[in-house]
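Residues per chain are reported as follows:
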Amino acid sequence: MDAHPLKLKVRSCAAETPFIRSLVFDVEDGVVPRWQAGAHVRVALPDGGDRPYSLMALPGLPGGALALGVLREEASTGGSQFMHALKVGDVVKASAPVNNFHLHENAAPALLFAGGIGITPILSMAAELTARATPFRLHYAGRAQGLLAFLPHLQEICTRELSIHYDSDESRLDIATALGDAAANCHIYVCGPAGMIEAVRAAARASIPTERMHYELFKAEQPGSPDRPFEVELKSSGQIVSVAAGQTIIQALEAAGLDVLYDCQRGDCGICQCGVLEGVPDHRDVILSDDEKASNKVMQICVSRAKSARLVLDL
Ligand code: FES
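The numbering scheme is per chain: residues are counted from 1 as the chain's sequence reads. Selection of residues for local features in this predicted model requires a pLDDT of at least 70, selection of side-chain atom pairs for listing and counting requires 80 or more, and totals for whole chains, interfaces and linings are taken over all residues. Here the side-chain values reflect all heavy atoms present in the structure, with hydrogen atoms and water set aside.

**Considerations on the sheet that holds strand S12 (residues 213-217)**
Whether parallel or antiparallel, the strands of a sheet pair through hydrogen bonds between backbone atoms. Formally: For two strands to be treated as a pair, DSSP must find at least two bridges joining them. The way it works is that DSSP assigns letters per residue, a run of H or I at least four long becomes a helix, a run of E at least two long becomes a strand, and they are numbered from the N terminus. Simply put, an axis is a line fit to the C-alpha atoms, just over the touching stretch for a helix, and the angle between two N-to-C directions goes from 0 to 180 degrees. For this analysis, residues touch if any pair of their heavy atoms sits within 4.5 Å.
On the basis of which strands lie adjacent, the open sheet formed by five strands has the order S10-S9-S8-S11-S12 and parallel pairing. With one partner strand each, in any of the chains shown, strand S10 (162-166) and S12 form the two edges of the open sheet. If you compare each strand with its neighbour and ignore which way they point, the axes differ by 10 degrees on average. Taken together, the five bridges between strand S11 (residues 187-192) and S12 define a ladder with parallel strand orientation. Across the sheet, the residue bridging to Tyr189 is His214, located in S12. Across the sheet, helix H2 (residues 119-132) lies against strand S8 (110-115), strand S9 (136-142), S11 and S12, angled at about 155 degrees from S8, the strand it touches most. Most of the contacts of helix H3 (residues 151-158) go to S10, to which it runs at about 150 degrees, and overall it touches S9 and S10.

Set out below in structure tokens:
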């Protein structure tokens, strides 16, 4: 089965901030896919890999067009650099939309948190909640003025519900206050860096049941702290697989011809969880609790890496 059945042609692109670009595509081949807020497509990259990007319900989007927002990551191994180099008329291949970050169906209010490029699925949620007339509040946080993308679009969608926070001044996001102001029966949605997701989860743990807590990790590569290569040993066969600096464990295992079970590839679904028999993982997921991470007995092999030179995995 073709993992990337959609052929998308760049219709327009625009710089939303010095680091974030919007891309609008027409569907060249096949039926325009239906999607709902929280969905993403995986865009095929020239190196044979792919990368997930959330679909955006930008106001005024032409019928049938699909919009994505892409952060240029300086330490990128190619995905964001490739997406930022695309020009009008270029064609890419992409997966059908996948949604691991659904909005709830009932009329309960929503509290939305977005950090940085994590605004891309949250903007679509704001648009859908507005269309449904479901009450919500959106807290959008970024480092400084000029670095928050899609503000004009958000102001068009939800001026009254929108709260903007800059880390650099007194408007800084106060998660406890935001949660305290929310309705008792609200659903919470968070998309942003792992630190933001963990902070909201920790603050909400006492008052919000897990079924009303929804989050999606935006994984940025950290400039200045490049990933290091390491080795993985498989307990069942003793086979040793090298994981390169720009590879995930899953990619390295697949390149070695092994079948691996996974889904989100963002460290938030738990499908790829694997036992660790020796070595020290570098946990980068958002699904394990602090205690589970500290025990180093399991890890999510889609995003987590190694602090030791070798990991022995229960595979
Ligand atoms: S595939 Fe979802 S956590 Fe790894």
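We are not done yet, so read on.
**Focus: unusual backbone geometry**
Phi is positive for Phe150, close to 65 degrees, though the residue is something other than glycine. Following the sequence through the fold, Phe150 ends up in the loop between S9 and H3. Of note in the backbone geometry, Asn296 takes a positive phi value of approximately 55 degrees without being a glycine.

**Things to note about the domain arrangement of the chain**
What counts, and what does not: The split into domains, and so the bounds of each, comes from an automatic or database assignment of domains. When two parts are put together, the accessible area they lose, computed with a 1.4 Å probe and summed over both, is reported as buried area. Salt bridge, as used here: a side-chain nitrogen of Lys or Arg that lies within 4 Å of a carboxyl oxygen of Asp or Glu. All amino acids are sorted into three groups, where Ala, Val, Leu, Ile, Met, Phe, Trp, Tyr, Cys and Pro are nonpolar, Asp, Glu, Lys and Arg are charged, and the leftover types, Gly among them, are polar.
Assigned domains of the chain: these are domain 1 (6-94), domain 2 (110-217) and domain 3 (230-313). Between domain 1 and domain 2, the C-alpha centre-to-centre distance is 23 Å. Contacts between the two partners involve 19 residues from domain 1, matched on the other side by 17 residues from domain 2. At the boundary of domain 1 with domain 2, total buried surface from both sides reaches about 1,500 Å², with 71% on carbon and sulfur atoms. On the domain 1 side of the contact with domain 2, Ala37, Met56 and Pro59 bury the most area, a combined 31% of that side's loss. Linking domain 1 to domain 2 there are zero salt bridges. When residues of the side of domain 1 that touches domain 2 are traced back to their parent elements, those giving at least two are strand S2 (20-29) and strand S5 (66-71). When residues of the side of domain 1 that touches domain 2 are assigned to their parent elements, the largest contribution, three residues, is made by S5. Per-class residue counts for the side of domain 1 that touches domain 2 are 12 nonpolar, six polar and one charged.

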